Structure formats: structure tokens, C-alpha cells
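Examining the three-dimensional arrangement
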Amino acid sequence: MSEEPPIERDTSGRFVKPEGQTAAVEEDDAMHPMAKLLFGWVEAKSTPGILLGAVLLLALGLIAADLLVDRHEYIEFANATGFFGFWGFGAFALAVISGWPLGRLLRRSEDYYGEGDDTPKVHPSEDDA
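A brief look at the structure comes next. The written sequence of each chain sets the order in which its residues are numbered from 1. Local features are withheld for residues below a pLDDT of 70 in this predicted model, meaning they are given only at 70 or higher, and side-chain atom pairs are given and counted only at 80 or more; totals for whole chains, interfaces and linings count all residues. As a rule here, side-chain values cover all heavy atoms of the structure and leave hydrogens and water aside.

**Comments concerning the overall build of the chain**
Numbered from the N terminus, helices here are DSSP runs of H or I no shorter than four residues, and strands are runs of E no shorter than two. Scanning the chain from terminus to terminus reveals six helices and two strands. N-terminal to C-terminal, the α/β element order of the chain is β-β-α-α-α-α-α-α. Remark: exposure states derive from per-residue accessible area (1.4 Å probe, protein chains only) relative to the maximum for the residue type, with buried under 20%, exposed over 50%, and partly exposed in between. Counting across all 129 residues of the chain, residues that qualify as buried make up 5%. Values of accessible area rely on a 1.4 Å probe in the Shrake-Rupley scheme; residue burial ignores everything except the protein chains shown. About 12,900 Å² of surface is accessible on the chain, with carbon and sulfur atoms providing 64% of the total.

Laid out in C-alpha cells, this is it:
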């Protein structure tokens with residue numbers, strides 16, 4: 001049997017690994033095979049570009065399809081090509097941006113609970129033991 005080196009701790013009491021020792025878990029063992037099958041494509045470096053391109057193509061296709069629709073709206077500017085897409089984007093952006101002042105209005109200050117005491121409290125029943 002080989003003798004293991006003594007366990008060392010740093011000045012704050014945390015364990016320190018001996019030099020040259022690395023994690024024993026291999027990358028293939030860390031992920032479940034079904035997770036690899038379903039989500040392995042996410043790790044590719046080209047994934048964000050492909051997703052952005054797909055969304056842009058979908059948006060352009062929907063705007064092109066909007067040219068074929070003959071609408072009869074009560075408000076004249078609602079007949080513009082892509083109006084509902086821009087209207088939805090603007091409404092969503094307004095909802096997100098309005099969250100900032102609402103958060104400032106509803107958020108408690110950082111010192112709401114006062115200064116914290118870092119010493120642990122002992123339960124009265126533990127004093128008797």
C-alpha cells in the first residue's frame with residue numbers, strides 16, 4: 001500500500017491539493033449520454049452564429065410573407081409591412097425598460113435589515129448540554 005501525503009491546509013483553513021494533482025473526472029464521464037445526444041450540439045463554436053442566422057432568416061421570411069397579405073385595418077399605419085413585428089418588439093422593449101424604474105421604486109435599501117452580527121447564536125437548549 002502506498003502512503004498518501006499528509007493533507008495540507010492554507011491559512012484560512014481550506015484544503016490544498018498537492019502539486020501536480022488534478023481532477024480525476026474525465027470530460028466524457030461528467031456528462032450523461034442522453035444529455036450529450038440532446039444538447040451536445042450547443043458546445044460547437046459555430047452554434048451562436050448559426051442560431052442568429054436562422055432567426056434573421058425567419059424574420060426576413062415573415063416580413064416577405066407580410067407583403068402577400070392584403071389587410072384592411074382601421075388605422076392606416078397598421079397596414080405598413082412588418083408593423084406588427086415592430087409593434088411587438090417596441091412593446092417588449094418598453095416592458096423591459098420599465099422594469100428598471102419599477103425595481104428602484106420597489107427594491108429595499110441594502111441596509112434594510114441593519115448591520116448583521118457575524119457571530120452564531122446558540123440555541124438555549126444547547127447551553128444545557
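**Notes on the side chain of Thr47**
Here Thr47 lies in helix 3 (residues 47–66). We call two N or O atoms a polar contact when they sit within 3.5 Å, provided that within protein one can donate a hydrogen and the other can accept it, with sequence-adjacent residues counted only if both atoms are side-chain atoms. One polar contact links the side chain of Thr47 to the main-chain carbonyl oxygen of Trp41, over a distance of 2.8 Å. Residues are treated as being in contact if the distance between any of their heavy atoms lies within 4.5 Å. Not counting the four nearest positions on each side in its chain, Thr47 is found in contact with Trp41 and Val42.

**Description of the packing of aromatic side chains**
Any two aromatic rings considered together are summarised by their centre-to-centre distance and by the angle between their planes. A pair of Phe, Tyr and Trp rings is counted when the ring centres sit within 6.5 Å of each other, with Trp represented by its six-membered ring. The angle between the planes then sorts it: under 30 degrees is stacked, over 60 is edge-to-face, the rest tilted. Summed over the entire model, instances satisfying the criterion amount to three aromatic pairs. Summarising the aromatic geometry, the rings of Phe83 and Phe84 are spaced 5.1 Å apart at their centres and angled 75° between planes, so their arrangement reads as edge-to-face. Owing to a relative accessible area of 16%, Phe83 belongs among the buried residues under this scheme.

**Observations regarding a nonpolar patch on the surface**
On the surface, a cluster of nonpolar side chains totalling about 760 Å² of accessible area is made up of Met34, Leu37, Leu38, Phe39, Trp41, Val42 and Leu51. Top contributing element to the nonpolar patch by residue count: helix 2 (residues 33–39), with four residues. Checked against the element boundaries, Phe39 lands in helix 2. On the basis of relative accessibility, which here comes to 55%, the residue Phe39 falls in the exposed class. Patches in this entry comprise residues that are over 30% relatively accessible and not in a salt bridge; like charges within 9 Å are linked, as are nonpolar side chains (Val, Leu, Ile, Met, Phe, Trp, Tyr) within 5 Å. For this analysis, a salt bridge means a side-chain nitrogen from Lys or Arg found within 4 Å of a carboxyl oxygen belonging to Asp or Glu.

**Let's talk about the packing of helix 4 (residues 83–97) against helix 5 (residues 99–106)**
Axis angles are defined between N-to-C directions and span 0 to 180 degrees, where every axis is a line fitted to C-alpha atoms and, for a helix, only to the segment in contact. At a minimum axis distance of 5 Å, the contact between helix 4 and helix 5 shows a crossing angle of 25°. When the interaxial angle is binned, helix 4 and helix 5 end up roughly parallel. Between helix 4 and helix 5, the residues in contact are Ala95, Val96 and Ile97 and Gly99, Trp100 and Pro101, respectively. Residue type decides the class: Asp, Glu, Lys and Arg count as charged, Ala, Val, Leu, Ile, Met, Phe, Trp, Tyr, Cys and Pro as nonpolar, and the leftover types, Gly among them, as polar. Grouping the amino acids of the contact of helix 4 with helix 5 by side-chain chemistry returns five nonpolar, one polar and no charged. Roughly parallel means an angle under 35 degrees; roughly antiparallel means over 145; roughly perpendicular covers 65 to 115; every other angle is labelled oblique.

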